[in-house]
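Single-letter residue listing:
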Amino acid sequence: MLLDTLNWRVENDIDNILARPIEPIEVYTSVRDSQLIGLSGYCKQGRPVFALGVGLSAYDKASADEYVQSHIQMNEYRDRVLLPMMSQKFGTYIGPCLKVLDMTGLKLSALSRIKILTMISTVDDLNYPEKTEIYYIVNAPHIFSACWKVVKPLLQERTRRKIQVLQGSGRDELLKVMSYDSLPHFVKQQGSSSSRRNEGKISSCFSFDHSFHQEVYAYMKNQADTGKPNGFISKLNSFHVQVPDETHEENLEGSNVIVRTIKNTLKGMGDEETALENGVAELHVSNDQLNQS
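Residues numbered from 1 in each chain as written. Predicted model: local features only at pLDDT ≥ 70, side-chain atom pairs only at ≥ 80, totals over all residues. Heavy atoms only, no water.

Attention now goes to the packing of aromatic side chains. Within the structure shown, the criterion is met by 10 aromatic pairs. Taking the centre distance of 6.0 Å and the plane angle of 75° together, the rings of Phe50 and Phe212 count as edge-to-face. Taken together, the residues span a long stretch of sequence, with Phe50 in strand S2 (residues 48-52) and Phe212 in helix H10 (residues 211-226) at a distance of 162 residues. For the pair shown, Phe50 and Phe212 are each scored as buried. Members of the aromatic cluster, connected to one another through ring pairs, are Phe50, Tyr77, Phe212 and Tyr219. In this arrangement the basic side chain of Arg32 is found over the ring face of Tyr28, its NZ or CZ atom lying 5.4 Å from the centre. Here the basic side chain of Lys188 rests over the ring of Tyr180, its NZ or CZ set 5.2 Å away from the ring centre. (Phe/Tyr/Trp six-rings, centres within 6.5 Å; stacked < 30°, edge-to-face > 60°. Helix = DSSP H or I, 4+ residues; strand = E, 2+ residues; numbered from the N terminus. Buried < 20%, exposed > 50% of the residue type's maximum accessible area, 1.4 Å probe, protein only. Lys NZ or Arg CZ within 6 Å of the ring centre and 35° of its normal.)

Given below as structure tokens:
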């Protein structure tokens, strides 16, 4: 699986995907309006909490490729910027995130979007398998059971085990793992009567005007304009690549893919990493090294 993921990253130039913002900006905002996702905050352990408006995401204002590209960019921004930032803040490695899926507005017609949803879920299942710790499903209407029967067989078993369906908005359960400030807006709006009175003041993390989306878009534009990463990715002192635990011949091929991935990553780090890039210019993995791993 590791080799497949590394090949996928190389073949699709994933290391540079954050330097390819969806343009023009009108198309990008259309994607944001029809593929509802946002960062609502962080749980008590520092894991990012992503909110997804599954029931109201229409996926009808851009191409399937643009929706998949946007999804991968969110994944990469999480892995390169948010997770290293929180790991540094908490002084320990933080690898996965939490996702809260809002089923408000879900209809049987959502099954017509099964192709694009399958494309996105396959990307996560095969290439980001351990990056989501739990999927919380909230505000599930009666029709959810029928839709779930269709979607469930399309998911990997490891993904199905992570799904928890909460009653109503799931507010009480979610407050066990995150503060009120980190609750998605659709959970806050379904809370107490005092919350409902302030409903108009609760900002949607789905909006392109939300600070998270503004930061992501600015980050991508910076990468596209300068070709040099900013934020925590340029400050990392090391990174780890695990040697595949396969047969000897497969290891030899896998090592070549790993070397290419390391070199491509360093090339994207700009002038400040030139010395490090030169240091691996002749990097090779020998038979003896593989035998020792």
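For strand S1 (residues 37-42), the tally of buried residues reaches five of six residues, placing the bulk of the element in the interior. In this structure, S1 lies alongside S2, joined through five bridges in antiparallel fashion. Residue pairing for S2: Gly38 is matched across the bridge by Ala51. Hairpin remark: S1 followed by S2, antiparallel, with five residues in the connecting loop; positive phi at Gly46, about 90°. (Pairing = 2+ DSSP bridges.)

Our focus in this paragraph is the pairing of strand S3 (residues 97-102). Consecutive side chains of a regular strand alternate in pointing toward one face of the sheet and then the other. Counting buried positions along S3 yields six of six residues, so the element is predominantly enclosed. Here S3 shows a buried face lined by Cys97, Lys99 and Leu101 and a second buried face lined by Leu98, Val100 and Asp102. Relative to S3, S2 is paired through four bridges, and the arrangement is parallel. If you follow Phe50 over to S3, its bridge partner there is Lys99. The parallel pair S2 and S3 is bridged by helix H3 (residues 64-90), and the resulting crossover is right-handed. Note: S3 against strand S4 (residues 132-138), six bridges, orientation parallel. Looking across to S4, one finds that Leu101 is bridged to Ile137. For the segment spanning S3, helix H4 (residues 114-127) and S4, crossover handedness is right-handed. (Right-handed = clockwise from strand over helix to strand, strands pointing away.)

To continue, consider the packing of H3 against H4. Two elements in contact, H3 and H4, have axes separated by 10 Å at closest approach and are oriented at 30°. In terms of orientation, H3 and H4 fall into the roughly parallel class. In this structure, H3 meets H4 at a crossing whose hand is right-handed. Contact residues: Ala64, Tyr67, Val68, His71, Ile72 and Asn75 in H3; Ile116, Met119, Ile120, Val123 and Asp124 in H4. Grouping the amino acids of the contact of H3 with H4 by side-chain chemistry returns eight nonpolar, two polar and one charged. (Axes fitted to C-alpha atoms, helices over the stretch in contact; angles between N-to-C directions. Parallel < 35°, antiparallel > 145°, perpendicular 65-115°, else oblique. Left-handed = near helix turned anticlockwise from the far one by under 90°. Contact = heavy atoms within 4.5 Å. Nonpolar A, V, L, I, M, F, W, Y, C, P; charged D, E, K, R; others polar.)

Turning our attention to the environment of Tyr128. Its location among the elements puts Tyr128 in the loop between H4 and S4. Residue contacts for Tyr128: discarding those within four places in its chain leaves Trp8, Arg9, Ile14, Ile72, Asn75, Glu76, Arg78, Asp79 and Val123.

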